[in-house]
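For reference, the chains in residue letters:
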Amino acid sequence: QVQLVESGGGLVQAGGSLRLSCAVSGRTFSSYAMGWFRQAPGKEREFVTTIDWSGFRTSYADSVKGRFTISRDNPEATVYLQMNNLKLEDTGVYYCAGGRTLWGGPRSDEYDYWGQGTQVTVSS
């Protein structure tokens, strides 16, 4: 059974930074595409970023390009999301997702495993 556990969320002022982590256990992490999604209050879950199995290919939502960076450490079975220059609209619950493919995409149905989420709140 694959388990994903996010950490690193919290309260930060606009313009600040946070680093989220997602620890994966249970299966061969290095063969999974990994992604981050988020859900703001009253809104649908949306794609943030994804990274392929090797860590060399990434994709970002336009809203976070240039501010967020996804990375992974396969020996440690962990994926990270570095978030810089945070904005009020970045507030939401951030979910880590894993897909049983080498490369994921922006749709949530491309991912098979999900974490419980971690809250990120950006204040003015």
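Okay, so let's go over this structure. (Residues numbered from 1 in each chain as written. Predicted model: local features only at pLDDT ≥ 70, side-chain atom pairs only at ≥ 80, totals over all residues. Heavy atoms only, no water.)

Another point: the environment of aspartate 73. Mapped onto the elements, aspartate 73 comes out in strand 7 (residues 68-73). Linking aspartate 73 and serine 17, residues 56 residues apart in sequence, is a C-alpha distance of 20 Å. Non-local contacts of aspartate 73, meaning those with residues more than four positions away in its chain, are made with Phe29, Thr78 and Tyr80. (Helix = DSSP H or I, 4+ residues; strand = E, 2+ residues; numbered from the N terminus. Contact = heavy atoms within 4.5 Å.)

Here we take up the sheet that holds strand 7. Taken together, four strands build an open sheet; the order of strands is 1-3-8-7 and the sheet is antiparallel. Single-partner strands in this sheet number two, and they are strand 1 (3-7) and strand 7. With direction set aside, neighbouring strand axes in the sheet form an average angle of 15 degrees. (Pairing = 2+ DSSP bridges. Axes fitted to C-alpha atoms, helices over the stretch in contact; angles between N-to-C directions.)

Under the counting rule described, the total for this entry stands at five aromatic pairs. Ring plane angle 80 degrees and centroid distance 5.3 Å describe the contact between phenylalanine 37 and tyrosine 111, whose orientation is recorded as edge-to-face. You can see phenylalanine 37 sitting in strand 4 (residues 33-39) and its partner tyrosine 111 sitting in the loop between strand 9 (92-99) and strand 10 (113-114), a full 74 residues away along the chain. Exposure remark for phenylalanine 37: the relative accessible area of 2% places this residue in the buried category. Tyrosine 111 gets classed as buried once you look at its relative accessible area, which sits at 5%. Grouping aromatic residues by their ring pairs yields a cluster made of Phe37, Phe47, Tyr111 and Trp114. (Phe/Tyr/Trp six-rings, centres within 6.5 Å; stacked < 30°, edge-to-face > 60°. Buried < 20%, exposed > 50% of the residue type's maximum accessible area, 1.4 Å probe, protein only.)

This structure, assessed with the given rule, holds one disulfide. The side chain of cysteine 22 participates in a disulfide bridge whose partner is cysteine 96; the two sulfur atoms lie 2.1 Å from each other. One disulfide, between cysteine 22 and cysteine 96, carries an S-S torsion of -80 degrees and so falls in the left-handed class. With cysteine 22 in strand 3 (residues 18-25) and cysteine 96 in strand 9, this residue pair connects regions lying 74 residues apart in the sequence. Here the two residues cysteine 22 and cysteine 96 agree in accessibility, since each one is buried. (Disulfide = S-S within 2.5 Å.)

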